[in-house]
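What follows is the residue order along each chain.
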Amino acid sequence: MKKIKFLGLLTAAALLASCSGDDDSVQRSDITITSLTGLERLGTNAEYQAWITVDGQDISLGRFTDVNVPKSFSAPTSQITSATKFKISVEKSTGDSPEISNSIILSGNFGGNSASLNSKEGIGDFVGSSGVFTLQTPTDSNANNEQSGVYFFNATNGTAGLDLPTLPAGWKYEGWVTVPNASGEMKNLSTGKFTRTNTTDETSRFGGPLADPNFPGEDFLDTGLLALAYNINVEPNLISKRVFISIEPADDNDLNTPFFLQPLSGTANNGVRPNINTMGLNTGSLPEGRVVY
């Protein structure tokens, strides 16, 4: 009986070795990101993930955190040569979902054995985008603190101040202003996330008792909350301060750190009221890359 059991174990081991040999015999090839510009290392809660699309299905190649190139991934040769698209997504560092997120930051179609990567399909085409903002504090009745609020609208004609493409489901816009706190440290204050430019944004943290206008923006009037969150003890003066728009992954809830995609930026001036300011287009903040196999 013992001999029979032993022979059975040997047979099972041989079968396992045979299966393992079959797996090892699958031909594999490398696919390499040869150039990557405009990407920055993510925070501790997110990672990049590379994918190829084969027969309409997104297949993971692996995750990475640094943005140094060249960067190679290994996959079955049959999958690589059949791939029609290469993508890089932003994923939560926890969970490791087998499904690609909606936050696709770079993608490109293969032509031969290479693909040029850009953000147009995953995020949008920002050529021709523009913006203005107005310094104003509509959530209180004090006419002497207009320099402490910023809204992305044109006060001259009451229209939306941002001309931006509609973002895919995986992304949201967020407004910001950079001001010093009581210690002289420069702090980025969020004015709120939004997906539409002609309605209020998602948050109103520091405003007064009156209703927000139907445009993204924020009044920075609650000095108690400002002191607690940023060590800012007075209503900040936004004149001469940088005001900008970022593009954020939709599930990023960080209201203190702007994502590095920042297509529009401007500086508040000392002009006569209403203080309307023009924002410049910063297409250099949008990433590009190239991949070959």
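Sequence order sets the numbering: in each chain, residues are counted from 1 along the sequence as written. Where local features are concerned, this predicted model is filtered to residues with pLDDT of at least 70; where side-chain atom pairs are given and counted, the filter is 80 or more; whole-chain, interface and lining totals use all residues. The side-chain quantities take in all heavy atoms of the structure and omit both hydrogens and water.

Mind showing me how you'd approach unusual backbone geometry here?
Among all residues except glycine, the phi angle is most often negative; among peptide bonds, the trans geometry is most common. A cis amide bond, omega 5°, links Val69 with the succeeding residue Pro70. Only DSSP runs of H or I covering at least 4 residues are called helices, and only runs of E covering at least 2 are called strands; the numbering of each starts at the N terminus. Along the chain, the position of Pro70 falls in the loop between β3 (57-64) and β4 (71-76). Non-glycine residue Asp55 carries a positive phi angle of around 50°. Along the chain, the position of Asp55 falls in the loop between β2 (46-54) and β3. Phi is positive for Ser240, close to 75°, though the residue is something other than glycine.

Any chance you could explain the pairing of strand β17 (residues 264-267) here in plain terms?
Regular strands show a simple pattern: their side chains alternate between the two faces of the sheet. Only protein chains enter the area calculation, which uses a 1.4 Å probe; residues under 20% of their type maximum are buried, those over 50% are exposed, and those in between are partly exposed. Covered by surrounding structure in β17 are Leu264 and Gly266 only, the residues Ser265 and Thr267 on the alternate face being uncovered. One ladder, built from four bridges, connects strand β16 (residues 242-249) with β17; its direction is antiparallel. Across the sheet, Ile245 pairs through a bridge with Leu264, a residue of β17. Two strands are said to pair when DSSP picks up at least two bridges between them. Bridging between β17 and strand β18 (residues 275-281) involves two bridges; their strand directions are antiparallel. The partner of Leu264 across the bridge, within β18, is Leu281.

I keep staring at the packing of aromatic side chains and nothing clicks. Help me out?
Any two aromatic rings considered together are summarised by their centre-to-centre distance and by the angle between their planes. Ring geometry is summarised as follows: Phe, Tyr and Trp rings, the Trp one being its six-membered ring, pair when their centres sit within 6.5 Å, and such pairs are stacked at plane angles under 30 degrees, edge-to-face over 60 and tilted between the two. Scanning all chains against the criterion turns up 11 aromatic pairs. With a centroid separation of 5.4 Å and 25° between ring planes, the pair formed by Tyr48 and Phe64 is classed as stacked. With a gap of 16 residues between them, Tyr48 in strand β2 and Phe64 in strand β3 connect regions that are remote in the sequence. Each ring, one from Trp171 and one from Phe259, has its centre 6.1 Å from the other, and the planes form 50°; the classification is tilted. Taken together, the positions of Trp171 in strand β13 (residues 171-180) and Phe259 in the loop between β16 and β17 put the pair 88 residues apart, joining distant regions of the chain. Accessibility classification places Trp171 together with Phe259 in one group, the buried group. Within the aromatic cluster, the residues linked to one another by ring pairs are Tyr48, Phe64 and Phe73. When the NZ atom of lysine or the CZ atom of arginine is within 6 Å of a ring's centre and also within 35 degrees of its normal, the charge is said to sit over that ring. The ring of Phe244 has Arg242 lying over it, and the distance from NZ or CZ to the ring centre is 3.9 Å.

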